[in-house]
Amino acid sequence: MSNSQSSLPSSSSSSSSSFKQLMQHPQALKILGCVVGVVGSLLVYGLLQERIMTRPYETDGENEEYFKFSVFLVLSNRLLSCLMAMGILAYSRGNVQPVAGIHRYCAVSLSNVIATYCQYEALKYVSFPVQTLGKCAKMI
């Protein structure tokens with residue numbers, strides 16, 4: 001029994017060598033870059049959301065005011081997303097023909113806009129980490 005235990009590699013050297021092997025594949029590096037990019041951009045997006053909605057702005061030197069127009073933020077967000085999507089499609093010469101009829105996307109789009117508006121409004125009352133925990137808990 002001690003003979004078979006001594007032939008097994010230690011878990012730390014095994015995991016580090018498999019990680020090194022994984023990182024030598026270009027596809028793994030590409031996926032890792034995508035994961036870091038998505039998670040990083042969502043983190044920055046969340047922090048900026050909270051900063052806009054929870055920090056007061058000076059109006060005339062003495063008075064402070066909070067940002068009130070969540071609809072403007074949602075509109076700005078969606079317009080920037082459309083511009084980015086059009087730019088990426090133009091660059092990659094992607095297919096812009098919808099798979100389903102455009103009317104089929106309306107319900108999904110409308111629910112997404114309403115959810116984003118509610119998300120901005122919720123930041124007036126709870127912090128971003130609490131809001132994120134609440135959104136994650138609904139999956140459970």
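Owing to the predicted nature of the structure, the values given are computational and were not obtained by experimental measurement.

> Sorry, what's going on with a nonpolar patch on the surface here?
Taken together, Ile-31, Val-35, Val-38, Val-39, Leu-42 and Tyr-45 make up a surface patch of nonpolar side chains, about 530 Å² in accessible area. Residue placement: Val-38 occurs in helix H3 (residues 26-54). Taking the relative accessible area as the measure of exposure, Val-38 reaches 46% and is therefore partly exposed.

> Sorry, what's going on with the pattern of salt bridges here?
When the charged atoms of two side chains with opposite charge come close together, those side chains can pair. On inspection of all chains with the given rule, the structure shows two salt bridges. Residues Glu-65 and Lys-68 are paired through a salt bridge, measuring 3.9 Å at the closest nitrogen-oxygen approach. Note that Lys-124 is salt-bridged to Glu-121, the shortest N-O span being 3.1 Å. A relative accessible area of 32% places Lys-124 in the partly exposed class. Relative accessible area serves as the criterion here: at 19%, Glu-121 is assigned to the buried category.

> What exactly am I supposed to notice about the side chain of Gln-49 here?
The residue Gln-49 is located in helix H3 in this model. Residue classification places Gln-49 among the buried positions, given a relative accessible area of 2%. For Gln-49, the side chain forms a polar contact with the side chain of Gln-119, separated by 2.9 Å. If we skip the residues at most four places from it in the chain, Gln-49 touches Gln-119, Tyr-120, Leu-123 and Phe-128.

> Help me understand the packing of H3 against helix H5 (residues 106-122) in this model?
Two quantities define a packed helix pair, namely the angle between the axes and the distance from one axis to the other. Two elements in contact, H3 and H5, have axes whose closest approach is 9 Å; the angle formed by their N-to-C orientations is 60°. When the axis of H3 is compared with that of H5, the two are oblique. Along the contact surface, H3 presents Tyr-45, Gln-49 and Met-53, while H5 presents Thr-116, Gln-119 and Tyr-120. Counted by class, the contact of H3 with H5 contains three nonpolar, three polar and no charged residues.

> Got a minute to help me understand the environment of Met-23 in this structure?
Looking at where Met-23 falls in the secondary structure, it is placed in helix H2 (residues 11-23). With relative accessibility at 19%, the residue Met-23 sits in the buried group. Residues in contact with Met-23, not counting those within four places in the same chain, are Ala-28, Leu-29 and Leu-32.

> Sorry, what's going on with H5 here?
An α-helix turns once every 3.6 residues. As a result, residues three or four positions apart point the same way. Compared with an ideal rise of 1.5 Å per residue, which puts 17 residues at 24 Å, H5 spans 24 Å between its outermost C-alpha atoms and is within 8% of the ideal. Looking only at H5, the buried set comprises Thr-116, Gln-119, Tyr-120 and Glu-121. Against H3, helix H4 (70-92) and helix H6 (128-137) lie the buried residues of H5.

Reading guide: rules and limits
- Residues numbered from 1 in each chain as written.
- Predicted model: local features only at pLDDT ≥ 70, side-chain atom pairs only at ≥ 80, totals over all residues.
- Heavy atoms only, no water.
- Patch = residues over 30% accessible without salt bridge, like charges linked within 9 Å, V, L, I, M, F, W, Y side chains within 5 Å.
- Areas by Shrake-Rupley, 256 points an atom, 1.4 Å probe, with all protein chains shown as cover.
- Salt bridge = Lys/Arg side-chain N within 4 Å of Asp/Glu carboxyl O.
- Helix = DSSP H or I, 4+ residues; strand = E, 2+ residues; numbered from the N terminus.
- Buried < 20%, exposed > 50% of the residue type's maximum accessible area, 1.4 Å probe, protein only.
- Polar contact = N/O pair within 3.5 Å; in protein donor to acceptor, adjacent residues only side chain to side chain.
- Contact = heavy atoms within 4.5 Å.
- Axes fitted to C-alpha atoms, helices over the stretch in contact; angles between N-to-C directions.
- Parallel < 35°, antiparallel > 145°, perpendicular 65-115°, else oblique.
- Nonpolar A, V, L, I, M, F, W, Y, C, P; charged D, E, K, R; others polar.
- Expected span 1.5 Å × (residues − 1).

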